[in-house]
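Geometric and topological summary
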Amino acid sequence: MTAAAAASRPGRLQAWRMAARPPTLPAAAAPVAVGTALAIRDDAFALLPALAALFGALCLQVGANFANDVFDHEKGADTAERLGPPRASQLGLLTPRELKSGMAAAFGLAMLAGLYLAWVGGWPIVAIGLASIAAAVIYTGGPWPIGYHALGDLFTFVFFGLVAVMGTYYVQAGAVTWFSFAAAVPVGATVTMILVVNNLRDIPTDRRAGKTTLGVVLGERGTRWWFAALLALALAVPAGATVTGAAPLGAVAAAAAGVLAWPLLRQVLGGTGGRALNPVLKGTARFALWHALLWAAALAFQP
């Protein structure tokens with residue numbers, strides 16, 4: 001290795017930061033914000049369970065990122081042809097053993113938060129926590145990784161949307177409601193939009209690696225319209241909640257989120273592809289967080 005290459009090589013701390021993927025963490029915080037807003041709406045807000053839910057969600061996301069980093073590399077999906085941001089294992093910055101240890105540590109911290117939440121919420125939280133960890137691992141790991149069989153979008157929608165919102169609400173309110181399910185739908189949609197952009201960018205390399213994402217199944221055109229459909233769902237639910245009176249400020253949240261999403265939609269439907277989608281991916285993650293905060297405000301602070 002030349003001196004210049006050694007100097008430009010990321011250090012250990014930067015390598016772990018790369019593997020943790022901080023830009024993805026809004027996807028973990030978004031559902032907790034909405035679930036907590038629902039609890040505020042129903043006079044059931046509890047600070048410690050809300051904070052524990054946030055901590056657990058962040059740890060689960062980091063653990064899932066470590067798992068994706070190492071398992072995608074081991075399966076040959078992350079190579080030198082990768083169009084997205086570089087991965088720690090792909091570059092040899094962290095060994096598979098190190099990443100698997102980091103994954104175990106992140107999930108262990110999530111379980112610590114889960115123990116407290118189980119004490120608060122009982123056995124349903126144990127089931128939710130174990131299922132979430134299992135889903136994070138088998139997304140790209142194991143003999144039949146769900147992310148390699150066009151099920152990634154479904155599992156993201158369910159676990160990072162529905163389960164995360166309703167679980168956060170449950171540990172504070174002690175129950176789930178039909179409206180907590182409805183309120184979780186737009187969160188699931190926006191979080192899944194992040195994955196859709198990622199899959200859109202990686203369709204060519206995923207095909208070559210034998211990774212069958214929903215993007216590979218739908219093709220480029222279908223994936224772009226799937227992004228638009230998820231966005232429409234994310235905006236329609238808050239607007240619909242306004243009509244029913246369930247969230248009088250929902251239409252305001254939907255309108256504001258629509259303005260934020262417009263540049264992203266224009267680029268996705270306009271044919272942006274390859275590495276040019278990396279800024280769109282980051283923008284979609286930011287949009288998911290802002291959409292969740294706007295939706296949470298509409299739920300919590302009703303006139």
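Note: the structure precedes this text.
Scope of this entry: the structure provided in the associated data block. Fair warning: this is a prediction, and the values are worked out from it, not measured in the lab. (Residues numbered from 1 in each chain as written. Predicted model: local features only at pLDDT ≥ 70, side-chain atom pairs only at ≥ 80, totals over all residues. Heavy atoms only, no water.)

**A closer look at the nonpolar core**
Just so we agree on the cut-off: Buried residues of nine kinds, namely Ala, Val, Leu, Ile, Met, Phe, Trp, Tyr and Cys, make up a nonpolar core once their side-chain atoms join them within 4.5 Å. Accessible area is worked out with a 1.4 Å probe on protein chains only. A residue is then buried under 20% of its type maximum, exposed over 50%, and partly exposed in between. Runs of H or I in DSSP of at least four residues are treated as helices and runs of E of at least two as strands, each being numbered from the N terminus. Residue contacts are counted whenever heavy atoms from the two residues lie within 4.5 Å of one another.
Counting residues in each nonpolar core, the largest one holds 50 residues, and the members touching the most others are V34, F227, F287, W295 and L299. Listed by contribution, the elements that provide at least two residues to this core are α3 (26-41), α7 (152-173), α8 (178-209), α9 (214-244), α10 (250-269) and α11 (277-300). Residues in contact with F287, not counting those within four places in the same chain, are T190, M193, L231, A257, L260, A261 and L264. Counting residues in each nonpolar core, the second largest holds 22 residues, with M18, A64, M103 and A110 among its members.

**Some remarks on the packing of helix α4 (residues 47-74) against helix α5 (residues 96-121)**
Rules: A fitted line through C-alpha atoms serves as each axis, taken over the contacting stretch for helices, and the angle formed by two N-to-C directions is quoted from 0 to 180°. The labels follow the angle: roughly parallel below 35 degrees, roughly antiparallel above 145, roughly perpendicular from 65 to 115, and oblique for the rest. The crossing is said to be left-handed when, going from far helix to near helix, the turn is anticlockwise and less than a right angle, and right-handed when the turn is clockwise. For this scheme, ten residues count as nonpolar: Ala, Val, Leu, Ile, Met, Phe, Trp, Tyr, Cys and Pro. Four count as charged, namely Asp, Glu, Lys and Arg, and the remainder, Gly too, count as polar.
Two numbers describe how α4 lies on α5: the axes approach to 8 Å, and their chain directions differ by 155 degrees. Classed by the angle they form, the pair α4 and α5 counts as roughly antiparallel. Helix-helix and strand crossings are classified by hand; for α4 and α5 the assignment is left-handed. Its residues placed into classes, the contact of α4 with α5 shows 24 nonpolar, three polar and three charged.

**Side note on a nonpolar patch on the surface**
Put simply, the test is: For patch detection, residues must exceed 30% relative accessible area and be free of salt bridges, and they are connected within 9 Å for like charges or within 5 Å for nonpolar side chains (Val, Leu, Ile, Met, Phe, Trp, Tyr). Reported accessibility uses the Shrake-Rupley method at a 1.4 Å probe radius. Residues are deemed covered only where the shown protein chains occlude them. In the sections that follow, a salt bridge refers to a side-chain nitrogen of Lys or Arg positioned within 4 Å of a carboxyl oxygen of Asp or Glu.
Side chains of I40, F45, L47, L48 and L51 sit close together on the surface and give an oily, nonpolar patch of about 480 Å² of accessible area. With three residues, α4 is the largest single contributor of residues to the nonpolar patch. Its place among the elements puts F45 in the loop between α3 and α4. With relative accessibility at 44%, the residue F45 sits in the partly exposed group.

**Observations regarding the pattern of salt bridges**
In this structure the tally under the stated criterion is six salt bridges. Between D42 and R41 there is a salt bridge, with the nearest N and O atoms lying 3.3 Å from each other. Judged by relative accessible area, which is 33%, D42 ranks as partly exposed. Between E220 and R224 there is a salt bridge, with its nearest N and O atoms 3.0 Å apart. Residue E220 and its partner R224 are both found in helix α9; the two are separated by four residues, about one turn of the helix. Using a relative accessible area of 46% as the deciding quantity, one classes E220 as partly exposed.

**Thoughts on the environment of A19**
Here A19 is to be found in helix α2 (residues 12-20). The exposure class assigned to A19 is buried, which follows from its relative accessible area of 0%. Through-space distance from the C-alpha of A19 to that of F301 is 37 Å; in sequence the pair is 282 residues apart. Ignoring any residue separated from it by four or fewer positions in sequence, one finds A19 in contact with N65, F66, D69, A88, L94 and L99.

**Things to note about the packing of aromatic side chains**
To keep things clear, this is the line we draw: Each pair of aromatic rings taken from Phe, Tyr and Trp, with Trp reduced to its six-membered ring, is defined by centres within 6.5 Å and is described as stacked if the planes are under 30 degrees apart, edge-to-face if over 60, and tilted in the remaining cases. In this analysis the charged atom, NZ for Lys or CZ for Arg, is taken to sit over a ring once it is within 6 Å of the ring centre and within 35 degrees of the ring normal.
The full count for this structure, using the stated rule, is four aromatic pairs. Where W16 meets F66, the ring centres are 5.4 Å apart and the plane angle is 75 degrees; that geometry is what we call edge-to-face. Taken as a pair, W16 in helix α2 and F66 in helix α4 lie far apart in primary sequence, 50 residues in all. Take W16: its relative accessible area is 27%, and that puts it in the partly exposed class. A cation over a ring is seen here: K211 above Y148, with NZ or CZ 5.1 Å from the ring centre.

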